[in-house]
Amino acid sequence: MFKKRIAFKLTASFVVIVLISMLTIGLLFIQMFRQYAFDSREQTMLARARSIAEVMAENSQNFGQIRGLVGSMRFLDTMAEAKVWITDSKGTPSSMSGMGMGMGQKFGFGPGMGQSHTFNSEPLPSEAEKVIQEVLKGTESVSESFSSVYNEATLTVGVPIVDSNHQVIGSVLLHTPVTGVTAILNKAVSILAISLLAALVLAIGLGIFYSLLFTRPLKAMNFTALEITRGNYSARTGVNRKDELGQLGNSLDHLALKLGYTIDQLFQEKGKLNDIISSISEGIVAFDTALKPISVNTALAEIMNRPQPYLIEAVERDLNNLEIEAQLTRVMEDKTPSQVIKEWLGKRLRFTVSPIVDNHGTVTGSVALVQDISESERLEQLRRDFVANVSHEFRTPLTVIRGSVEALVDGIVENSEDIKRYHHRILSETRGLERLVGDLMELSRLQSGKITINKDRIHISDLLTDVVKSLQTIADQKGIKIKYQSQQDLPPSPGDYDRLRQLFVIFLDNAVKYSPANTLVSVESRIIQNNTLSIIIRDQGYGIAADELPYIWDRFYKVDKSRQGLGTGLGLAIAKHLLDLHDCKVSVQSEIGKGTEIELKLPNLY
């Protein structure tokens, strides 16, 4: 359809242009020919009329030649090749006789000639009156008209007859059809019509040919352009020509090639950007200028404690509850980033909002980076607590040591028993400091990853029996009974004996330390599924709240801050690293006032 419309328009335009051009040129030439014919005839008739007027003027003074003139006047029509009228000064046609003292006497025809000769007995033509009036004023006149008698164009000319005194004494009129002009013009029109018809046929043929010549590549380029808009950048026009259409087709093919390459690059960059955004652990939300969220990444759902997929409608509802519209508006107005902290479902969220500005400096939206800073703030608090705890752990024994030393130096204590007691106190505090420093160094080595373990075949039953006996002495001070039960014939387990012993000592020491007096601590070892050794340590201690269980592995973390003297708070942090070294899984279950149960799972038994 597109091709037919273009071909029809091109053909019609070409034909119309050819016809208008030929018609204009033909009419111009016909008009020029007609004008030339009339001008030529007019000059000839004027020349003859002047000749007659001169003869009449001369003979008006020469009566002797009048008889010869009368005889020759009969032949004026033939000589002039036109109808001839001679009028007097009043415009009345005159005759040779009966002129009296009028026209006859004026021209030298006296009375008594005995003959009557009329120059022209036919009536004057209708247009002669106007011509005569102009001629009698002393000017030559020409008139063109169409005669129904001759059925063609006629020409009437008038010339004044002037005497020797330069007075107009009459006029000479010549009237004749422009013979053959109408016929020639009609023939010219016929030739023009035939030429136009032939030109029309030729123009239609050439128009169709050239329209197809132009529309075929245009159709190919149109098809290629439509394919490009549909995403088919491999489409080509196939136009192989040297003219402007060929250049246009080649340019369109080059455009498709470049556009396809550019689109591929953009998709690759978009894929990379999506991968980068998806891999970011912080939430990202993009907003339009109406403050409506238009895009989010997958991490936002986890940060907002929402299930996947996190739909835009749900995002908009939650953000409205957080009331950050004012912050978004201010950022887009000021074109500067800003931060705001919001509380959400027990979390502390930080929104870093930045404007999206195009290359013209126009704000097209904004983007918010959502970070859960609850953990970072907790870690910052742990860091502060760590510094405070270390300072406290060092300050207390150092204060005791300093006080004791000052008392001894100043001689305040003189009794040998008191001196000995002071010495024991200093020794005890020094050992506490040594233990604290040792724990810190041990934790530092474990965290640095520089410690390696030497795995041997360890009989866990023997190891646990040894640890229970060692700690029973400490437990006896509080009346706590440590009970160990083991499944018979436990196979050996791969591990580092010293590190496993250190691990069990930490858990059992905590169980004894944080249990009331006269309670029971039980230890059980058995084989469970997947050839795994399970070791369970239960106590009847104070218990740990569920919301504090995730933090018990942190340095210096103590569930009960009032029990500062019960340890350094580094034991479980060290234990966690020891568990990782042995690929050991741990689970903790606890309830306030009912005690704690810790299960260790050692894999890969022999």
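The structure this text deals with has already been given above.
Below: a short report on this structure. (Residues numbered from 1 in each chain as written. Predicted model: local features only at pLDDT ≥ 70, side-chain atom pairs only at ≥ 80, totals over all residues. Heavy atoms only, no water.)

**Some remarks on the overall build of the protein chain**
When you go through the protein chain residue by residue, the secondary structure sums to 15 helices and 16 strands. Buried positions account for 38% of the 606 residues belonging to the protein chain. By element, 56% of the accessible surface of the protein chain is carried by carbon and sulfur atoms, the whole surface being about 35000 Å². (Helix = DSSP H or I, 4+ residues; strand = E, 2+ residues; numbered from the N terminus. Buried < 20%, exposed > 50% of the residue type's maximum accessible area, 1.4 Å probe, protein only. Areas by Shrake-Rupley, 256 points an atom, 1.4 Å probe, with all protein chains shown as cover.)

**So, the sheet that holds strand 13 (residues 520–528)**
If you walk across this open sheet you meet the five strands as 11-13-14-16-15, and the pairing is mixed. Both edges of this open sheet fall to strand 11 (481–486) and strand 15 (585–591), since each of them pairs with a single strand only. Here the strands of the sheet are splayed against their neighbours by 15 degrees on average, with no regard to which way each runs. Pairing geometry for strand 15 and strand 16 (residues 595–602), over seven bridges, is antiparallel. Its bridge partner lying in strand 16, serine 587 is registered against glutamate 599. Across the face of the sheet, helix 13 (residues 460–476) comes into contact with strand 11, strand 13, strand 14 (532–538) and strand 16 while running at roughly 170 degrees to strand 11. (Pairing = 2+ DSSP bridges. Axes fitted to C-alpha atoms, helices over the stretch in contact; angles between N-to-C directions. Contact = heavy atoms within 4.5 Å.)

**Quick notes on the nonpolar core**
Core analysis: the largest hydrophobic core is formed by 39 residues, its most contacted members being Phe507, Ile535 and Leu600. At the level of secondary structure, the elements contributing two or more residues to this core comprise helix 13, helix 14 (497–513), strand 13, strand 14, helix 15 (571–581) and strand 16. Among the elements that make up this core, the one with the highest residue count is helix 14 (eight residues). With near-sequence residues (within four places) excluded, phenylalanine 507 lies in contact with Ile537, Trp553, Leu572, Ala575, Leu579, Ile598 and Leu600. With 21 residues, the next largest nonpolar core counts Leu300, Ala301, Met304 and Val331 among its residues. (Core = buried A, V, L, I, M, F, W, Y, C linked by side-chain atoms within 4.5 Å.)

**Some remarks on unusual backbone geometry**
A cis amide bond links glutamine 308 to the next residue, proline 309, at an omega of -5 degrees. Of note, proline 309 is situated in the loop between helix 8 (299–303) and helix 9 (312–322). Despite not being glycine, histidine 166 shows a phi value in the positive range, around 65 degrees. Mapped onto the fold, histidine 166 is located in the loop between strand 3 (152–162) and strand 4 (168–177). A relative accessible area of 67% places histidine 166 in the exposed class. For lysine 335, which is not a glycine, the phi torsion comes out positive at approximately 60 degrees. Inspection of the secondary structure puts lysine 335 in the loop between helix 10 (325–334) and strand 7 (338–344). Owing to a relative accessible area of 44%, lysine 335 belongs among the partly exposed residues under this scheme.

**Description of the sheet that holds strand 9 (residues 363–372)**
The sheet built from five strands is open, its strands ordered 6-5-9-8-7 with antiparallel pairing. The open sheet has two edge strands, strand 6 (293–296) and strand 7, and neither has a second partner. Averaged over all pairs of adjacent strands, the angle between their axes in this sheet comes to 25 degrees, without regard to strand direction. Strand direction decides the pairing type here: strand 5 (residues 283–287) and strand 6, joined by three bridges, are antiparallel. Pairing of phenylalanine 287 across the sheet is with proline 293, part of strand 6. Contacts from helix 9 reach strand 5, strand 6, strand 7 and strand 8 (347–357), with the element oriented near 110 degrees to strand 6.

**Some thoughts on the side chain of serine 525**
Looking at where serine 525 falls in the secondary structure, it is placed in strand 13. A polar side-chain atom of serine 525 sits 3.1 Å from a polar atom in the side chain of serine 486. Dropping the residues within four chain positions of it, serine 525 is found in contact with Ser461, Leu464, Tyr484, Gln485, Ser486, Gln487, Leu490, Leu533, Ser534 and Ile535. (Polar contact = N/O pair within 3.5 Å; in protein donor to acceptor, adjacent residues only side chain to side chain.)

**As for the packing of aromatic side chains**
By the definition in use, this model includes one aromatic pair. Judged by centre distance (6.4 Å) and plane angle (80 degrees), the rings of phenylalanine 507 and tryptophan 553 are edge-to-face. Within this pair, whereas phenylalanine 507 is found in helix 14, its partner tryptophan 553 is found in the loop between strand 14 and helix 15, the two being separated by 46 residues in sequence. With respect to burial, phenylalanine 507 and tryptophan 553 carry one shared label: buried. One residue, arginine 425, lies across the ring of tyrosine 422, its end atom 5.1 Å from the ring centre. (Phe/Tyr/Trp six-rings, centres within 6.5 Å; stacked < 30°, edge-to-face > 60°. Lys NZ or Arg CZ within 6 Å of the ring centre and 35° of its normal.)

**A word on the pairing of strand 4**
Buried residues dominate strand 4, accounting for nine of its ten residues. Both strand 1 (residues 83–88) and strand 4 contribute to a ladder of six bridges, which runs antiparallel. Its bridge partner lying in strand 4, threonine 87 is registered against serine 171. Note: strand 3 against strand 4, nine bridges, orientation antiparallel. What sits directly across from leucine 155, in strand 4, is threonine 176. Hairpin connection from strand 3 to strand 4: five residues lie between these consecutive antiparallel strands, with histidine 166 at a positive phi of about 65 degrees.

**Here's the deal with the pattern of salt bridges**
As enumerated under the stated definition, the model contains 17 salt bridges in all. Where lysine 576 meets aspartate 580, a salt bridge forms, and the shortest distance between an N and an O atom there is 3.3 Å. Remark: aspartate 580 and lysine 576 occur in helix 15; sequence separation between them is four residues, near one turn of the helix. By relative accessible area, aspartate 580 is classed as partly exposed at 43%. In the salt-bridge network here, residues are joined through shared partners; they are Glu524, Arg526, Arg538 and Glu597. (Salt bridge = Lys/Arg side-chain N within 4 Å of Asp/Glu carboxyl O.)

**Re helix 7 (residues 244–279)**
Helix length check: helix 7, at 36 residues, gives a terminal C-alpha distance of 51 Å against a target of 52 Å (1.5 Å per residue), a fit within 8%. Burial in helix 7 covers these residues: Leu245, Gly246, Gly249, Leu252, Asp253, Ala256, Gly260 and Ile263. (Expected span 1.5 Å × (residues − 1).)

**Brief notes about a nonpolar patch on the surface**
Taken together, Leu202, Leu206, Phe209, Tyr210, Leu213 and Phe214 make up a surface patch of nonpolar side chains, about 550 Å² in accessible area. By the element assignment, phenylalanine 214 lies in helix 6 (residues 181–229). Accessibility expressed as a relative area gives 37% for phenylalanine 214, which makes it partly exposed. (Patch = residues over 30% accessible without salt bridge, like charges linked within 9 Å, V, L, I, M, F, W, Y side chains within 5 Å.)

**As for the side chain of glutamate 42**
Within the secondary structure, glutamate 42 sits in helix 1 (residues 2–59). Here glutamate 42 occupies a buried position and makes no salt bridge, while the nearest side chain of opposite charge, arginine 50, is found at 7.7 Å. Contacts of glutamate 42, omitting those with residues within four sequence positions, involve Val142 and Leu155. (Lys, Arg positive; Asp, Glu negative; His and termini not counted.)

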